[in-house]
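What follows is the residue order along each chain.
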Amino acid sequence: QEYLDFRKERSRMLLSRRNQLLLEFSFWNEPQPRQGPNIYELRTYKLKPGTMIEWGNNWARAIKYRQENQEAVGGFFSQIGELYVVHHLWAYRDLQSREETRNAAWRKRGWDENVYYTGEGTPTYSSDPLPVLGAPALTCLSFPSPVPLIRTMESRIMIPLKISPLQ
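On a predicted model such as this, the values are computed, not experimentally measured, just so you know.

Q: What exactly am I supposed to notice about the overall build of the chain here?
A: Helices and strands together make up the secondary structure of the chain, namely 4 helices and 9 strands. Looking at the chain residue by residue over its 167 residues, the buried ones come to 40%. For the chain, the proportion of contacts with a sequence separation of at least 24, taken over those separated by at least 6, is 74%. Counting every atom, the chain has about 10,300 Å² of accessible surface; 54% of that belongs to carbon and sulfur.

Rendered as structure tokens:
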């Protein structure tokens with residue numbers, strides 16, 4: 001019943017909808033149910049056409065630096081829908097642990113070498129709440145990137161619904 005109520009409420013807010021069929025990167029952990037409480041960060045990268053293999057090669061080397069704390073939930077790329085779109089899903093206890101974990105990754109030798117090339121530009125912040133998984137996103141960043149592989153990047157912080165296997 002809670003889900004049906006959510007769908008009814010969501011339909012009043014929904015302005016548009018896009019669908020994608022995603023495939024999982026073979027070098028990421030397969031997403032598993034998690035005990036919470038956690039917040040999740042969904043980072044979406046829109047790549048320049050023809051850069052997916054190069055992106056995958058860099059991240060295949062880089063992901064090992066982020067799997068020790070189990071924050072790497074899943075990595076996916078679009079197969080149908082808008083192409084050259086990559087999604088990374090990360091789990092954190094809270095926003096403070098997110099900041100600490102990300103800062104610690106940049107101090108690891110090897111992470112910077114593999115990720116810098118695929119990295120990020122200067123962010124523009126949006127305070128508009130985004131309904132994601134039935135919960136408002138806390139913040140959203142998006143920015144064009146000077147890095148050769150990325151056209152744009154967006155980050156959403158999500159709070160799971162009670163029915164989600166990812167808590």
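Q: Got a minute to help me understand the pattern of salt bridges in this structure?
A: By the definition in use, this model includes 8 salt bridges. The salt bridge involving Arg43 is made with Glu41; its shortest N-O contact spans 2.6 Å. One exposure class covers both Arg43 and Glu41, and it is buried. The shortest N-O distance in the salt bridge between Glu41 and Arg98 comes to 2.9 Å. One end of the pair, Glu41, is in strand E2 (residues 39-47); the other, Arg98, is in helix H3 (residues 95-107), with 57 residues separating them in the sequence. As far as burial versus exposure is concerned, Glu41 and Arg98 are alike and both buried. Ionic contacts of the salt-bridge type, sharing partners, join the residues Arg18, Lys46, Glu82 and Arg151 into one network.

Q: Please clarify how the packing of aromatic side chains should be interpreted in this entry.
A: When we look at a pair of aromatic rings, we describe it by the centre distance and by the angle of the planes. In the structure shown here, the tally under the stated rule is 10 aromatic pairs. Considering the side-chain rings of Trp59 and Trp90, the 6.3 Å spacing of their centres and the 50° angle between planes classify their relative orientation as tilted. Pair noted here: Trp59 is in helix H2 (residues 52-62) and Trp90 is in strand E4 (residues 85-92), with a separation of 31 residues, a long-range link. Take Trp59 and Trp90: they sit in the same class, and that class is buried. Three or more aromatic residues joined by ring pairs form one cluster here, namely Trp28, Tyr45, Trp55, Trp59, Trp90, Trp106 and Trp111. If you follow Arg66 out to its NZ or CZ, it ends over the ring of Trp90, 4.0 Å from the centre.

Q: Is there a simple way to explain unusual backbone geometry in this structure?
A: Note: most residues except glycine have negative phi, and most peptide bonds are trans. Here Gly36 and Pro37 are connected by a cis peptide whose omega angle stands at 5°. Summarising the element assignment, Pro37 is placed in the loop between strand E1 (21-24) and E2. For Tyr84, which is not glycine, the phi torsion reads 60° and is therefore positive. Position of Tyr84 among the secondary structure elements: in the loop between strand E3 (72-80) and E4. The partly exposed category is assigned to Tyr84, whose relative accessible area is 30%.

Q: Would you explain the confidence of the model for the chain in this entry?
A: Atom-level detail of predicted coordinates should not be read off regions where pLDDT is low. Per-residue confidence for the chain averages 80 on the pLDDT scale, and 81% of its residues sit at or above 70. E4 holds the highest mean pLDDT among the elements of the chain, 94, whereas strand E5 (residues 124-126) holds the lowest, 41. Taken together, the stretch residues 120-145 has pLDDT below 50 and engages in 60 contacts with residues farther than four places along the chain or on a different chain.

Thresholds, definitions, all that
- Residues numbered from 1 in each chain as written.
- Predicted model: local features only at pLDDT ≥ 70, side-chain atom pairs only at ≥ 80, totals over all residues.
- Heavy atoms only, no water.
- Helix = DSSP H or I, 4+ residues; strand = E, 2+ residues; numbered from the N terminus.
- Buried < 20%, exposed > 50% of the residue type's maximum accessible area, 1.4 Å probe, protein only.
- Contact = heavy atoms within 4.5 Å.
- Areas by Shrake-Rupley, 256 points an atom, 1.4 Å probe, with all protein chains shown as cover.
- Salt bridge = Lys/Arg side-chain N within 4 Å of Asp/Glu carboxyl O.
- Phe/Tyr/Trp six-rings, centres within 6.5 Å; stacked < 30°, edge-to-face > 60°.
- Lys NZ or Arg CZ within 6 Å of the ring centre and 35° of its normal.
- pLDDT = per-residue confidence, 0-100.

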